[in-house]
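The chain contents come next:
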Amino acid sequence: MAKVLIIGGGIVGLSSAYYLHKAGHQVTVLDKGDMTDGCSYGNAGMIVPSHFVPLATPGMVKQGIRWMFNSKSPFYVKPSLNPQLISWGLKFLKKANAGHVERSAVPLTELSLLSKKLYEELDKEPGFGFDLVEKGILMFYKTEKAAEEEAHMAQKGCSLGLDMEVLSAADCMKLQPNLQLDVLGAVHYKCDAHLSPNKLMAALIKYLKAAGVNLVANKEVTKIEASGGKVKRVLSFHDEFTADEYIVAGGSWSPAIGKLLDIKILLMPGKGYSFNIKDHQQIMQIPALLAEARVAITPMNGGLRYGGTMELDKINNRVNMNRVKGIVESVPEYFPGLKPALPAEKDIWFGFRPSSADGLPYIGRSKSFNNPTIATGHGTMGLSLGAATGLLVNAIISGTSTSISIEAFAPDRD
Ligand SMILES: Cc1cc2nc3c(=O)[nH]c(=O)nc-3n(C[C@H](O)[C@H](O)[C@H](O)COP(=O)(O)OP(=O)(O)OC[C@H]3O[C@@H](n4cnc5c(N)ncnc54)[C@H](O)[C@@H]3O)c2cc1C
């Protein structure tokens, strides 16, 4: 059995710790924060096998350029000469084609379905229970163009074996009678689910601590020493940690961790915001995605969680109130009876989605070294894919065969 050191205690790091510990490995997790409020906490909690199309699509390029000129739009790229952003943009453009979308669909679907199954199992384990609800997600649209795109997507999803149904506005009203609608219709992604990420993360931490996994908070990895194709030790300022195997699960900070090893991990932090409103849950039981506005609304912890926007920029702590206004104002356009108040800045959460340029996660060994494994780049789907990523990381370290092919997720892929 191996001594394993995981850098990063988000959903990917903790899920890896969970499956590695279960397999008998001796696990330590280091995190530079206190593991209470990162990207894996305030997200929309959606488990999304329906999202078999990566971010890099031909339509996204045109739409992204249009959005860039609107301060309330859901997508923004800060123009800059940052070499990482330039490499990211070039790769994004290269991959934004129908062939890539087609090639990604099966690997993404397999990864998603595996993860959903694992969450179903985990939710039933003693001490877990993180409000997993399997009512699907409704993707609402207002325009003919979105209706056509979504119908096409639903058809493709069904051909992949995913349960999806195109609904009229009247059908939607039957499903959620308390929700006033101003939409053309929706696709019901029946294959999807949702959960409380805060409860899931808290349960994982509690379980891992009780199981004897060493979770070390406020320990930033600042240096990594390697020789002969192997990582020998990692340092956090003056503290030193050694292991047989190392996992890079640093979310949006993974490129900086990779740099300590001279490994290029191409991703950009995609900042998004969320806020909770306490007493609206009776209005909505099935989570909603607003197709044109790119907003997510999830019943959670006795209220509704609203989330959205994607800002590609350097990691920073600024809250762009205009983008939050964009989320708030889009909601009554779809649901006239639902008018969330603009939250105070202190009540707005933000997180950084670790977004790879081609929209696929990085899961696997790097070619340059024998003992680090990369597990990051899950972008908008890190929660959804977290459990399966952890299981696969364990298979890589344990030297057992992975239950699905991970070739598409190779960290050194083109
Ligand atoms: C608004 C919003 C809504 C979202 N909704 C959904 C959703 O509905 N469904 C879904 O699947 N996904 C969603 N996501 C995406 C999802 O939250 C992320 O993909 C996921 O949380 C990433 O997990 P991670 O473990 O890779 O990274 P993180 O959670 O960011 O964890 C990485 C950890 O590494 C630590 N770290 C970094 N550098 C170092 C270092 N040098 N030393 C030690 N530790 C370090 C960090 O402190 C951090 O705790 C959403 C994201 C946002 C912003």
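Residues numbered from 1 in each chain as written. Predicted model: local features only at pLDDT ≥ 70, side-chain atom pairs only at ≥ 80, totals over all residues. Heavy atoms only, no water.

Caption draft 1: A look at the packing of aromatic side chains. Enumeration according to the criterion identifies eleven aromatic pairs in this entry. In textbook terms, an aromatic cluster arises when at least three aromatic residues are bridged by ring pairs, as seen for Tyr18, Tyr19, Phe128 and Tyr207. The residue whose ring lies beneath Lys32 is Trp253, and the NZ or CZ to ring-centre distance is 4.1 Å. Over the ring of Phe350 we find Lys271; its NZ or CZ atom is 5.1 Å from the centre of that ring. (Phe/Tyr/Trp six-rings, centres within 6.5 Å; stacked < 30°, edge-to-face > 60°. Lys NZ or Arg CZ within 6 Å of the ring centre and 35° of its normal.)

Caption draft 2: Inspection of the layout of surface pockets at higher detail. Approximately 430 Å³ is the volume attributed to the second largest pocket. Every residue lining the second largest pocket is counted, 19 residues in all, and those nearest its centre are Asn82, Gln84, Pro255, Ala256 and Lys259. If you list the elements that add at least two residues to the lining of the second largest pocket, you get helix H3 (83-95), helix H8 (254-259) and strand S14 (267-277). (1 Å grid on protein atoms, 1.4 Å probe; cavity = no way out; pocket = protein on both sides within 12 Å on 5 of 7 lines; lining within 4 Å. Points joined across faces, edges and corners; volume = space filled by probe spheres on them. Helix = DSSP H or I, 4+ residues; strand = E, 2+ residues; numbered from the N terminus.)

Caption draft 3: Structural detail: the pairing of strand S7 (residues 185-189). Taking burial as the measure, the five residues of S7 include five buried ones, the bulk of the element. The alternating pattern of S7 places Gly185, Val187 and Tyr189 on one face and Ala186 and His188 on the opposite face, and all of these are buried. Two elements, strand S5 (residues 137-141) and S7, share five bridges in a ladder whose sense is antiparallel. Bridging from a neighbouring strand, Tyr141 pairs with Gly185 of S7. Alignment of strand S6 (residues 164-168) against S7, held across five bridges, turns out to be antiparallel. Along S7, the bridge assignment pairs Leu167 with Ala186. (Buried < 20%, exposed > 50% of the residue type's maximum accessible area, 1.4 Å probe, protein only. Pairing = 2+ DSSP bridges.)

Caption draft 4: Structural context of the sheet that holds strand S9 (residues 214-216). With mixed pairing, the six strands of this open sheet are ordered in space as S9-S2-S1-S13-S20-S19. Every other strand in the sheet has two partners, leaving S9 and strand S19 (362-365) as the edge strands with one partner each. Between one strand and the next, the sheet's axes are offset by a mean angle of 15°, whatever the strand orientation. Here strand S2 (residues 26-30) runs beside S9; their pairing, made up of three bridges, is parallel. (Axes fitted to C-alpha atoms, helices over the stretch in contact; angles between N-to-C directions.)

Caption draft 5: Looking closely at the site of the ligand. Close contacts around the ligand come from 36 residues, with Asp31, Ser40, Val221, Gly379 and Ser384 the closest. Take Lys32: an N or O atom from its main chain is 3.0 Å from a nitrogen atom of the ligand. Elements with a minimum of two residues in the shell around the ligand: helix H1 (11-22), S14, strand S18 (349-356) and helix H10 (382-398). In terms of residue count, S18 provides more of the shell around the ligand than any other element does, four residues in total. When the residues that make up the shell around the ligand are grouped by side-chain class, the tally is 16 nonpolar, 15 polar and five charged. (Near = heavy atom within 4 Å. Polar contact = N/O pair within 3.5 Å; in protein donor to acceptor, adjacent residues only side chain to side chain. Nonpolar A, V, L, I, M, F, W, Y, C, P; charged D, E, K, R; others polar.)

Caption draft 6: How the structure looks around empty space enclosed by the protein. Enumeration over the complete set of coordinates arrives at one cavity of 30 Å³ or more. Of the volumes computed, that of the largest cavity is approximately 30 Å³. Lining the largest cavity we find Pro269, Lys271, Glu311, Asp313, Lys314, Asn316 and Phe352. Partitioned by chemical class, the residues of the lining of the largest cavity number two nonpolar, one polar and four charged.

Caption draft 7: Looking closely at helix H7 (residues 197-210). When the terminal C-alpha atoms of H7 are compared, their 20 Å separation across 14 residues agrees well with the 20 Å that a helix rising 1.5 Å per residue should span. Packed against the buried residues of H7 are H1, helix H4 (98-124), S9, strand S16 (295-300), strand S17 (303-312) and H10. Taken from the residues just after H7, Gly212 is the one with a positive phi, measuring 95°. (Expected span 1.5 Å × (residues − 1). Contact = heavy atoms within 4.5 Å.)

Caption draft 8: Molecular detail of H1. A rise of 1.5 Å per residue sets the reference length of H1, with its twelve residues, at 16 Å; its end C-alpha atoms lie 16 Å apart and thus fit the reference within 8%. For H1, the tally of buried residues reaches ten of twelve residues, placing the bulk of the element in the interior. Of the residues making up H1, those classed as buried are Ile11, Val12, Gly13, Leu14, Ser15, Ser16, Ala17, Tyr18, Tyr19 and Leu20.

Caption draft 9: View of the environment of Val187. Among the structural elements, Val187 can be located in strand S7. Judged by its relative accessible area of 0%, Val187 falls in the buried class. Along the sequence, Val187 and Thr109 sit 78 residues apart, while their C-alpha atoms lie 18 Å from each other.

Caption draft 10: Here's a closer look at the side chain of Arg323. Here Arg323 shows up in helix H9 (residues 321-334). Residue Arg323 is classed as buried on the basis of its relative accessible area of 4%. Apart from residues lying up to four places away in sequence, Arg323 is in contact with Asn70, Ser71, Lys72, Ser73, Phe75, Tyr76, Tyr273, Thr309 and Glu311.

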